[in-house]
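# Structural overview for review
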Amino acid sequence: MLAVGCAMYLREVFNQRLRPVQALPFRGRPAQPPGLSILPLERPLTQSIALGAIEIRPLQRQLIVNQQAVAVGARAFDLLLALVERRDRVVSKNELLDLAWPGLVVEENNLSVQISSLRKLLGAGSIVTVAGRGYRFVDAVNDDVPTPPASSEAGNHIVRRLAAVVFADLVGWANLSAAAHTEATASAWKAMRAALIEPSLQGSGGRVLELAASGVSIEFGSTVEALRWALDLRQRVDHWPVPPVLPRLQLRFAVHVDEVVVDDGKLVGDVVQTVSRLLDGVTSAQIVVTEAARSLASSKLPVRFRPLGVLKLRGDDAEPTALYAAEPVLTRGPDASTQPHLLWERRPSLAVLPFVTDDGVDRYFGEGMTEEIIALLSANRALFVIARSSTLRYGGSSASPAAIAAELGVRYLLTGAVHRAGERLRIVAQLVEAAPGRVLWADRIEGGNEELFVMQARIAANIAAAIDPRVLEAEIERVCSQPTQSASAYDQVLRGLSLLYTFRASDFEAAGQHFRQALEADPRYAQAHAYLAWWHNLRFGEGRSPLSSEDGRMAETHAQRALEIDPRDAVSLSVAGHVQSFMKRNFVAAMEMFDQALELNPSCATAWARSGTTLAYLGQGEEALQRVRSATRLSPFDPQRFAYYTTNGTACIVVGRYDEAAGWLGKAHRLNPGYRAALRQLAAALALSGDQQEARAMAQQLLQEEPDFRVSTFCAWYPLQEPHLSQLAEGLRLSGLPH
């Protein structure tokens, strides 16, 4: 009765996929009334399949070799047809057992016997054994054809590329297959494949790599598509109508992205086995992803990633990878405000509208400006920048900024125009906060026609750098006008930044607390780790740390954690570089990080300025000044100008221009009187330049801020290299600071 119930239900729902055995013998298996055979084909059955000297006639169940019909057993024919239909990939043993012995539990030895009989008929090299994987059919009928290795390095068809692989299998398969209704379970799984899995692959770009008795491995061209497919399929499985006669099935998923070897279109290696290992110990309908997959998909889907621990995917010597459970979050409704990952997506969103051009100006120049600016802004990990393809239709639009922003779902708009005046080009750009219609920044830049493309790149870099501090200021203003109970990690970081540089004791401690609260809300927020590292760095450098060694350790820990989470974030790289330079005196590693940051984001003023600080420590004063000049040119009104001017002062002390050093350090002190680093250097520069009276006044002010300051203690940890450190120490002593 169970089989009858299954048959009636499946025939009604999947009548396009399923055929009664009596109406059409499926691959020649004897009729099994009243059941159904549910074996989805990767290719439709045809009148014949010709492969060299072999011809297979599925409907007649005939095998022709060298134009002669040969006798072949029913099971062997089923196996041959399964291998031929899937000849573009390796077919696992489980898949072949499932196809040739549906619903039956048979020994693997039966498969080996049938494969052996086929090789006798077709040649030893016709069916290749891929160790640990299964079998693959090759187009050859010759006993002398050697069996190719699983990963041949010969020829020009081997390439390496990234592949996103999903492994999906049934939850609790061991219990299901051992239950009394094994055949019903197998039928339900095949029906699920036919009705849900295979059709869903057509629109998502997936292709089957391997089909097993209880699972399937699928490759996608995109990690985002792979995860989106898994999320969608899991939801559909949950709502799939199942009659009482069939068992309720659930799927668990593993998603991983890794480099694979592709040999003539076929994946070679153990990527499928690697992905399936992610589900060891998973007993529920979860979606498990690796760190690599999470990092590629985290900002592109409304998904929260819950840490599950770490796993070594290969041998004992392999580095462990972090695992996460991917859980969809609601973008609407009351629960959305409590999702830390979704809240990070509140980061400022911006659209660059097509730059308008005069009739006499080539249109491609305006389009090139737009593309350059979008590319540079996209390198800023704190911004969400709309793709150019979504903004093209707004070229020349008369709609208001608020209307355009509402359609695109962004908070800020960057607009611009290109005008020609004789042999000169003038570019005007402005940044608008759309909702209130407020202009946050505007500028005009001119250049000659002969500088066209150089000018395009330079202007794009200047605009990208200039709007960063303006957006940050607007975001801080927005957040600080809201209640402080918000759980958003992003909002907590903004609140911390609003207090960090006042250098008042209460503000400074509160800033550190905000950064810690950001990490409580979202432990994988890279820039929150970076800013907390920066807070510990400042706490130590400003003499506010009762436990300096602990601050050094915490600064390095959080800086490295930021890079582990997002190694392409220029701000995190800049912070990590400065920590390595200032606290560890590891100048080589620091400069490598700064160079990497500038390669990723050439408009990162922080990277330019902080690399200048490291060069000053090394005594390369002129190059340090050049770096800071680049930073201030890119961001002339940067909130950290006081720190940039302090670096200029240090660089001038290094090259012996003490009057100039005093001038830069005086500017830094006036911009931020609470910044002790500038005050120390200013006292020394004034003393070295001969202005003893002013030097002593600055020294007394420093002692009021930092009563325990001693020149010897300071010089023991300050990273300036000799002979410049001794020179600085002499200036500090001349200012009257205690030895």
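All residue numbers here refer to positions counted from 1 along the written sequence of the relevant chain. Totals for whole chains, interfaces and linings use all residues, but because this is a predicted model, local features are given only for residues with pLDDT of at least 70 and pairs of side-chain atoms are given and counted only at 80 or more. Here the side-chain values reflect all heavy atoms present in the structure, with hydrogen atoms and water set aside.

Strands are runs of DSSP state E lasting at least two residues, helices are runs of H or I lasting at least four, and both sets are numbered from the N terminus onward. Broken down by element type, the chain carries 28 helices and 23 strands. Remark: exposure states derive from per-residue accessible area (1.4 Å probe, protein chains only) relative to the maximum for the residue type, with buried under 20%, exposed over 50%, and partly exposed in between. Taking all 739 residues of the chain together, the buried fraction comes to 53%. Of all intrachain contacts in the chain linking residues separated by at least 6 positions in sequence, the fraction that spans at least 24 positions is 62%. Here the Shrake-Rupley method, with its probe set to 1.4 Å, supplies the accessible areas, and only the displayed protein chains count as covering residues. When the accessible surface of the chain is split by element, carbon and sulfur atoms take 51% of a total near 32,600 Å². Whether two residues are in contact is decided by their heavy atoms, any of which lying within 4.5 Å being enough.

On to the sheet that holds strand β8 (residues 127-130), then. Note: two strands are recorded as paired if DSSP finds a minimum of 2 bridges between them. One open sheet holds the three strands; their spatial order is β7-β9-β8, and the pairing between them is antiparallel. Where the open sheet ends on each side, the last strands, each with one partner, are β7 (91-92) and β8. Relative to strand β9 (residues 134-137), β7 is paired through two bridges, and the arrangement is antiparallel. What sits directly across from V91, in β9, is Y135.

With that out of the way, let us pick up unusual backbone geometry. The step from E722 to P723 runs through a cis peptide bond, and the omega angle for that step is 5°. Along the chain, P723 turns up in the loop between α27 (711-717) and α28 (724-734). Backbone geometry places N66, a non-glycine residue, at a positive phi of 55°. Note that N66 resides in the loop between β5 (62-65) and β6 (68-70). You will see that Q67, though not glycine, has its phi angle at about 65°, which is positive. Locating Q67 in the fold gives a position in the loop between β5 and β6. For Q67, a relative accessible area of 75% puts it in the exposed group.

Here E550 is to be found in helix α18 (residues 548-565). The partly exposed category is assigned to E550, whose relative accessible area is 33%. Each C-alpha atom, one on E550 and one on H536, is 8.9 Å from the other, the two residues being 14 residues apart in sequence. Here R553 takes part through its side chain, which lies 2.6 Å from a polar atom of the side chain of E550. Think of a polar contact as two N or O atoms within 3.5 Å of one another; within protein, one of them needs to be a possible hydrogen donor and the other a possible acceptor, and neighboring residues in sequence only count if both atoms come from side chains.

This part covers the layout of surface pockets. Space inside the second largest pocket adds up to approximately 780 Å³. Residues are called lining when one of their atoms sits within 4 Å of a cavity or pocket point, these points coming from a 1 Å grid over the protein atoms alone, where a cavity is a set in which a 1.4 Å probe fits but cannot get out and a pocket is an open set with protein on both sides within 12 Å along at least five of seven lines. Surrounding the second largest pocket, 43 residues form its lining, D468, P469, L472, Y531 and T606 being those nearest its centre. For the lining of the second largest pocket, the secondary structure elements donating two or more residues are α11 (363-378), α14 (452-480), α15 (489-500), α17 (526-541), α19 (570-582), α21 (605-617) and α23 (641-654). Residues were grouped as follows: Ala, Val, Leu, Ile, Met, Phe, Trp, Tyr, Cys and Pro as nonpolar; Asp, Glu, Lys and Arg as charged; and all remaining residues, including Gly, as polar. Here the lining of the second largest pocket is composed, by residue class, of 28 nonpolar, seven polar and eight charged. Grid points are joined across faces, edges and corners, and a volume is the space filled by probe spheres set on the points.

The next thing to look at is the nonpolar core. Counting 91 residues, the largest nonpolar core has L500 and F515 as its most contacted members. When sequence neighbours within four positions are dropped, the list of residues in contact with L500 reads F508, A511, F515, W534, W535 and L538. The term nonpolar core refers to a set of buried residues drawn from Ala, Val, Leu, Ile, Met, Phe, Trp, Tyr and Cys, joined through side-chain atoms within 4.5 Å. Counting 37 residues, the second largest nonpolar core, distinct from the first, contains M192, L227, F253 and Y324.

With that settled, consider helix α26 (residues 692-705). Compared with the 20 Å implied by 1.5 Å per residue over 14 residues, the 20 Å span of α26 between its first and last C-alpha is a close match. Along α26, the positions that sit buried rather than exposed are A695, M698, A699, L702 and L703. Down the axis, α26 shows its buried residues gathered within 140° of arc, on one side only. In this structure, α26 carries Q693 and Q704 as exposed residues pointing more than 90 degrees from its buried face. Buried residues along α26 sit against α24 (658-671) and α25 (676-689). By this rule the span expected of a helix is its residue count minus one, scaled by 1.5 Å. The directions from the helix axis to the C-beta atoms form the arc being described.

In what follows, salt bridge is the name for a side-chain nitrogen of Lys or Arg lying within 4 Å of a carboxyl oxygen of Asp or Glu. Evaluated as defined, the whole model comprises 21 salt bridges. Note that E730 and R733 form a salt bridge whose closest N and O atoms lie 3.4 Å from each other. Of this pair, E730 and R733 both sit in helix α28, three residues apart, roughly one helical turn. Relative accessible area serves as the criterion here: at 35%, E730 is assigned to the partly exposed category. Here the residues in one salt-bridge network are E291, R294 and R524, joined through shared partners.

Of the strand pairs in this sheet, β8 and β9 are connected by four bridges, and their pairing is antiparallel. Paired with T129 across the bridge in β9 is Y135.

Let's shift gears to the packing of aromatic side chains. Each pair of aromatic rings taken from Phe, Tyr and Trp, with Trp reduced to its six-membered ring, is defined by centres within 6.5 Å and is described as stacked if the planes are under 30 degrees apart, edge-to-face if over 60, and tilted in the remaining cases. Per the counting criterion, the structure on display carries 20 aromatic pairs. Joined through ring pairs, the aromatic side chains of F540, F582, Y617, F709, F714, W717 and Y718 make up one cluster. Both a distance and an angle decide whether a charge sits over a ring: NZ of Lys or CZ of Arg must be within 6 Å of the ring centre and within 35 degrees of the ring normal. In this structure, R516 packs its charged tip against the face of W535, placed 5.2 Å from the ring centre.

Let us now look at the environment of E660. Among the structural elements, E660 can be located in helix α24. It is 9.9 Å that separates the C-alpha atoms of E660 and L686, two residues lying 26 residues apart in sequence. Engagement of the side chain of E660 in a polar contact is seen with the side chain of R657, the distance being 2.7 Å.

By the burial criterion, the buried members of helix α13 (residues 401-408) are I404, A405 and L408. One side of α13 carries all its buried residues, which in axial view fall inside an arc of 100°. Residues of α13 that are exposed and point more than 90 degrees away from the buried face comprise A406 and E407.

Attention shifts here to empty space enclosed by the protein. Applying the stated criterion to the full structure yields one cavity of 30 Å³ or more. Taken as a whole, the largest cavity holds about 260 Å³ of empty space. Mapped by element, the contributors of at least two residues to the lining of the largest cavity are α17, α19, α21, α23 and α25. Looking at the lining of the largest cavity, its residues break down into nine nonpolar, eight polar and three charged.

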